[in-house]
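# A look at the structure
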Amino acid sequence: SYSGKGIYDIDAFEAALHGRVPDNAMLSHDLFEGVFARSGLVSDIEVVEEFPARYDAAAARQHRWARGDWQLLPWLLGRVKGSLAQEASSAVTAIGFWKMFDNLRRTLSAPAAFVALLAGWILPLPAALAWTGFVLLTVALPTILPVIAALVPRNAAVTTRSHFSALASDIVNAASQTTLLVAFLPHQAWLMLDAIGRTMYRLFVSRRRLLDWTTSAQSNSRRDDWPSFAGQMA
């Protein structure tokens, strides 16, 4: 990490976590670092992370993030003890507990939405349609909100023609994203359940492959041809 005055002191970071993290237990996780190593507000730094250009690479990253989130479960359950000198300070704070718990909740969003759709479809047709519309609206809401916010131009210098042209582009993008979110919902649900299941098995049974990690750069470096990619997506 970089700041306006130099490189973050790695020795200080290791000292802050000393005695709190057993060997081979932590899959790379910024939230954990922020909870235990603390952080300060730096307002003049902008970090831009490149989003994966392929769906399979993005899905692999989400799978790793979910596994990293669920590997924090022992800390939430109070099953990780620090050294004797730091045991009292190894407990997760209330705000830290809530942040970790909220990450686990988010990994269950896609499975919950998929199960909710299946449950709604056993209702009579009018109720099933209303239920389906409500669930799909919750899935689409993140893509709809930016369009609603862009309805009123914020810059008086923008012409009406330019504003409506940009708004039309935003609507098309939102519709495309919503369609893909719904189309990939079953896969996202399976992906999250697979990540949770793998993590539970590795945490409490095998105690192996807890550091299993393929970076986004490695995933994006693959150059499959279109037939093989289409087969994988199918």
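Residues numbered from 1 in each chain as written. Predicted model: local features only at pLDDT ≥ 70, side-chain atom pairs only at ≥ 80, totals over all residues. Heavy atoms only, no water.

### As for the packing of aromatic side chains
All told, the structure shown has four aromatic pairs when counted by the stated rule. Considering the side-chain rings of Phe-32 and Trp-75, the 4.9 Å spacing of their centres and the 70° angle between planes classify their relative orientation as edge-to-face. In this pair, Phe-32 is assigned in helix 2 (residues 30–37) and Trp-75 in helix 4 (residues 73–76), connecting sequence segments 43 residues apart. Here Trp-75 falls in the buried class, since its relative accessible area comes to 6%. Relative to Phe-101, the ring of Phe-97 has its centre 6.5 Å away and its plane inclined at 5°; by these criteria the two rings are stacked. Remark: Phe-101 and Phe-97 occur in helix 5 (residues 94–107); sequence separation between them is four residues, near one turn of the helix. Under the relative-accessibility criterion, Phe-101 is labelled partly exposed at 39%. Grouped by ring-pair contacts, the aromatic residues Phe-97, Trp-98 and Phe-101 constitute a single cluster. (Phe/Tyr/Trp six-rings, centres within 6.5 Å; stacked < 30°, edge-to-face > 60°. Helix = DSSP H or I, 4+ residues; strand = E, 2+ residues; numbered from the N terminus. Buried < 20%, exposed > 50% of the residue type's maximum accessible area, 1.4 Å probe, protein only.)

### Quick notes on the pattern of salt bridges
Counted under the stated rule, the structure contains five salt bridges. Arg-105 is the salt-bridge partner of Asp-102, the closest N and O atoms lying 2.8 Å from each other. Placement of the pair is Asp-102 and Arg-105 together in helix 5, with a separation of three residues, close to one helical turn. Residue Arg-202 is joined to Asp-212 by a salt bridge in which the shortest nitrogen-to-oxygen separation is 3.7 Å. With Arg-202 in helix 9 (residues 185–206) and Asp-212 in the loop between helix 9 and helix 10 (216–220), the pair connects residues that are 10 residues apart, well separated along the chain. Overall, Arg-202 belongs to the buried group, its relative accessible area being 8%. (Salt bridge = Lys/Arg side-chain N within 4 Å of Asp/Glu carboxyl O.)

Everything listed here is a matter of coordinates, which is why it stays silent on function.
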